[in-house]
Amino acid sequence: MTSSSLRRIVVVGGSIAAVTAAEALRVRGFDGDITVLSEETSAPYSRVPLSKGVLCGKETPDSALLPPLDGEVSLRLGTRAAGLRVDRRRVVCDDGDEVPYDGLVIATGARARRLARPGQAGEHVVRTLDDATRLAGRIATAGSVIVVGAGFLGMEVASTCTDLGLAVTVVDRDPPLRRLLGGWLADLVVGAARDRGVRFVRATRAVELAGGQEVTGVRIGDRVLTADVVVSAVGDVPGTGWLADSGLPLRGGLVVDDRCRVAPDIVAAGDVTVSGRPGGEFRRSPHWTSAVIQGQVAAATLLHGEVATLPRPDAYYWTEQFGLDIKISGEIPDGPAPTVLAGDPRERSALLQWRRNGRGVAAVSVNHRMPIVKLKRLGAWASAEPG
Ligand SMILES: Cc1cc2nc3c(=O)[nH]c(=O)nc-3n(C[C@H](O)[C@H](O)[C@H](O)COP(=O)(O)OP(=O)(O)OC[C@H]3O[C@@H](n4cnc5c(N)ncnc54)[C@H](O)[C@@H]3O)c2cc1C
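Each residue is numbered by its place in its chain's sequence as written, counting from 1. Side-chain atom pairs in this predicted model are given and counted only at pLDDT of 80 or more, local residue features only at pLDDT of at least 70, and totals for whole chains, interfaces and linings cover all residues. Remark: hydrogens and water are excluded; side-chain values derive from all non-hydrogen atoms of the structure.

(A) Structural context of the overall build of the chain. A tally of regular secondary structure across the chain gives 8 helices and 27 strands. For the radius of gyration, the atoms used are the C-alpha atoms, and the globule rule reads 2.2 Å times the number of residues raised to 0.38. Its C-alpha atoms give the chain a radius of gyration of 22 Å, near enough to 21 Å, the size a compact globule of 387 residues would have. Overall size of the chain, expressed as C-alpha extent along the three principal axes, is 60 × 55 × 40 Å. Buried positions account for 51% of the 387 residues belonging to the chain. Note on contacts: a residue pair is in contact if any heavy atoms of the two residues lie within 4.5 Å. Pairs at least 24 apart in sequence give 62% of the contacts found in the chain among residues at least 6 apart. As displayed, the chain offers around 17,700 Å² of accessible surface, 48% of which is attributable to carbon and sulfur atoms. Side chains of the chain give 47 positive and 44 negative charges; the mean places of these two sets differ by 5 Å. Only DSSP runs of H or I reaching four residues or more are called helices, and only runs of E reaching two or more are called strands; each is numbered from the N terminus. Relative accessibility decides the category of a residue: with a 1.4 Å probe and only protein chains considered, values under 20% of the type maximum give buried, values over 50% give exposed, and everything between is partly exposed. Only the protein chains shown count as cover for residues, and the accessible areas themselves come from Shrake-Rupley with a 1.4 Å probe. The convention is simple: Lys and Arg are positive, Asp and Glu are negative, and His and the chain ends are not counted. By convention, charge coordinates are those of NZ in Lys, CZ in Arg, CG in Asp, or CD in Glu.

(B) Here's a closer look at the packing of aromatic side chains. Only Phe, Tyr and Trp rings are paired, with Trp represented by its six-membered ring, and only when their centres lie within 6.5 Å; those with planes under 30 degrees apart are stacked, over 60 edge-to-face, the remainder tilted. Inspection of every chain in the model, using the stated rule, returns 3 aromatic pairs. In this arrangement the basic side chain of K376 is found over the ring face of Y316, its NZ or CZ atom lying 5.0 Å from the centre. Note on criteria: charge over ring means Lys NZ or Arg CZ within 6 Å of the ring centre, with the direction from the centre no more than 35 degrees off the ring normal.

(C) Quick peek at the site of the ligand. In the vicinity of the ligand lie 35 residues, with E40, R47, K52, R127 and D271 positioned nearest. Polar contacts here mean pairs of N or O atoms no more than 3.5 Å apart (in protein, one a potential hydrogen donor and the other a potential acceptor; neighbouring residues in sequence count only if both atoms are side-chain atoms). Here S15 contributes a side-chain N or O atom positioned 3.3 Å from an oxygen atom of the ligand. A distance of 2.6 Å separates an oxygen atom of the ligand from a polar atom in the side chain of E40. Protein contacts shield 94% of the accessible area of the ligand, which totals 990 Å² for the unbound molecule. Breaking the shell around the ligand down by element, the ones donating at least two residues are α1 (16–27), α4 (152–163), α6 (288–304) and β23 (316–321). Three categories are distinguished: nonpolar for Ala, Val, Leu, Ile, Met, Phe, Trp, Tyr, Cys and Pro, charged for Asp, Glu, Lys and Arg, and polar for the others, with Gly belonging to the last. Residue classes in the shell around the ligand are distributed as 17 nonpolar, 10 polar and 8 charged. Residues are counted as near a molecule or strand when any one of their heavy atoms sits within 4 Å of it.

(D) Geometry of unusual backbone geometry. For F322, which is not glycine, the phi torsion reads 50 degrees and is therefore positive. On the secondary structure map, F322 appears in the loop between β23 and β24 (324–330). The phi dihedral of N367 falls on the positive side, at around 45 degrees, and the residue is not glycine. Structurally, N367 is set in the loop between β27 (359–366) and α7 (372–378).

(E) The nonpolar core, seen in detail. The nonpolar core is taken to be a set of buried Ala, Val, Leu, Ile, Met, Phe, Trp, Tyr and Cys residues, with the residues joined through side-chain atoms within 4.5 Å. Membership of the largest hydrophobic core comes to 51 residues, with the highest contact counts inside it found for M155, V170, L181, L185 and V364. Among all residues touching L185, those that are not within four sequence positions of it are I332, L352, W354, V364 and V366. Among the nonpolar cores identified, the runner-up in size contains 30 residues, and L25, A107, A269 and A298 belong to it.

(F) Layout of the pattern of salt bridges. When a carboxyl oxygen of Asp or Glu lies within 4 Å of a side-chain nitrogen of Lys or Arg, that pair is called a salt bridge. Under the definition given, this model contains 25 salt bridges. A salt bridge links E98 to R90; the shortest N-O distance between them is 4.0 Å. Under the relative-accessibility criterion, E98 is labelled partly exposed at 29%. For R90, a relative accessible area of 27% gives the class partly exposed. The partner of R196 in a salt bridge is D163, with the nearest N and O atoms 3.3 Å apart. Pair noted here: R196 is in the loop between α5 (178–195) and β12 (199–202) and D163 is in helix α4, with a separation of 33 residues, a long-range link. The structure contains a network of salt bridges with shared partners spanning R127, D236, D271 and R284.

(G) Highlighting α5. Helix length check: α5, at 18 residues, gives a terminal C-alpha distance of 18 Å against a target of 26 Å (1.5 Å per residue), a shortfall beyond 12%. The bend reported for a residue corresponds to the angle between axes fitted to the seven residues ending at that residue and the seven starting there. When the local axis directions of α5 are compared, the greatest deviation, roughly 90 degrees, occurs at W184. Residues of α5 that are buried: L180, L181, G182, G183, L185, A186, L188, V189, V190, A192 and A193. Summarising the contacts, the buried residues of α5 are in contact with α4, β12, β23, β24, β26 (349–356) and β27. Of the residues one or two after α5, G197 is the one with positive phi, at around 95 degrees. One less than the number of residues in a helix, times 1.5 Å, gives the span that helix is expected to have.

(H) Local environment of the sheet that holds strand β14 (residues 217–220). A pair of strands is labelled paired if DSSP reports no fewer than 2 bridges between them. Strand order in this open sheet of 3 strands is β13-β14-β15, and the pairing throughout is antiparallel. At either end of the open sheet lies a strand with only one pairing partner, and these are β13 (207–210) and β15 (223–226). Between one strand axis and the next, the sheet turns through 30 degrees on average, direction left out of account. Where β13 and β14 come together, 4 bridges link them in antiparallel fashion. Along β14, the bridge assignment pairs E208 with R219. For helices, the fitted line uses only the C-alpha atoms of the stretch in contact; every axis is such a line through C-alpha atoms, and the angle between N-to-C directions lies from 0 to 180 degrees.

(I) Spatial organisation of the state of the cysteines. Two cysteine sulfurs form what is called a disulfide whenever their separation falls within 2.5 Å. Inspection of the entire model under this criterion finds 0 disulfides. Not part of a disulfide, C56 finds its nearest cysteine sulfur in C161, a span of 9.8 Å. Using a relative accessible area of 24% as the deciding quantity, one classes C56 as partly exposed.

This is the structure:
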């Protein structure tokens, strides 16, 4: 099928990758039918403020809403894709309805990984607006919280909880943030967290949720820690369950190439995807900017194939926690101290660059205002490198 014979494009997913792809299809001149199928009952929203402003009540849930899709796109909320018939070009919905397509964009993101046993209540996660609203209500009256998982999400939740005056314990098997920020920058952030009273517990054994029917804390071997609230921030699971029998390539996520292609007339974008790296490894890039860029790339590829001009890959992401506004371009190497280009890390305000063979591989601003394009240029080598 060629792009000129694509009349019906179906986008499965209801968040930033799906919305970006739908908008990009129109921007690139597609004038056929676009149908977006989202299992959520809420209009598309951003997850970014959920662990920050929405959780502490500084932002309302409405402020997280994405700008509405324009009227030329049919948005079917509360519609979950349950299966895919590639041979017949149909998405099978959970109510049995089958939605035909000529071209398909898969943007089903990820869901929160959970630790609770079946039937055990009281575990909180932060993935959806409902999750955040529920947790916000709970921490508003709680005195203590345990956060399991010291990645970006767990640390942001911990930060918000310290702002609200809760006693916060963060539990992880690995050193906090190290895998994401490298040892040097992780130490800086963890220092800021400790200054605000966060207690870190290194789990030498598997972490389980403690309590019977209701979660009361966490268990690490023989040791039990209790708190009013327990939040699991232990990663996410790509939303590929509905694709299990589709025959599409799944390797811990839906495999895409550098043009977001999955199969003929099928593309994918966002947190649901994995990309092959040299050495046979498949990696995710579960960040906002990746979802936006992949949404644009997926739309361009679906319409124009090999000849589509694509936006430049962009390894840019950010986090806000413990009074630190951290913007990152590139992949921070673990180990070496960066070059300080401006400011002073001891003051927790600096512009940092990691270099390899004389060229920047990553750049980070910490509480340092500067144009994002300049930050991206300082970390440009890593961003531009494939793999
Ligand atoms: C709390 C939180 C804070 C974050 N903060 C930051 C940040 O500060 N900076 C940053 O760079 N990134 C951040 N991220 C990551 C960023 O939000 C994600 O990378 C981004 O949301 C991915 O978008 P997506 O559209 O691919 O997937 P998702 O946002 O997961 O959306 C997938 C959508 O598809 C729907 N769906 C799933 N399965 C089906 C199905 N079978 N049928 C129909 N619909 C389906 C889902 O309900 C959902 O609406 C944060 C994430 C979270 C959870």
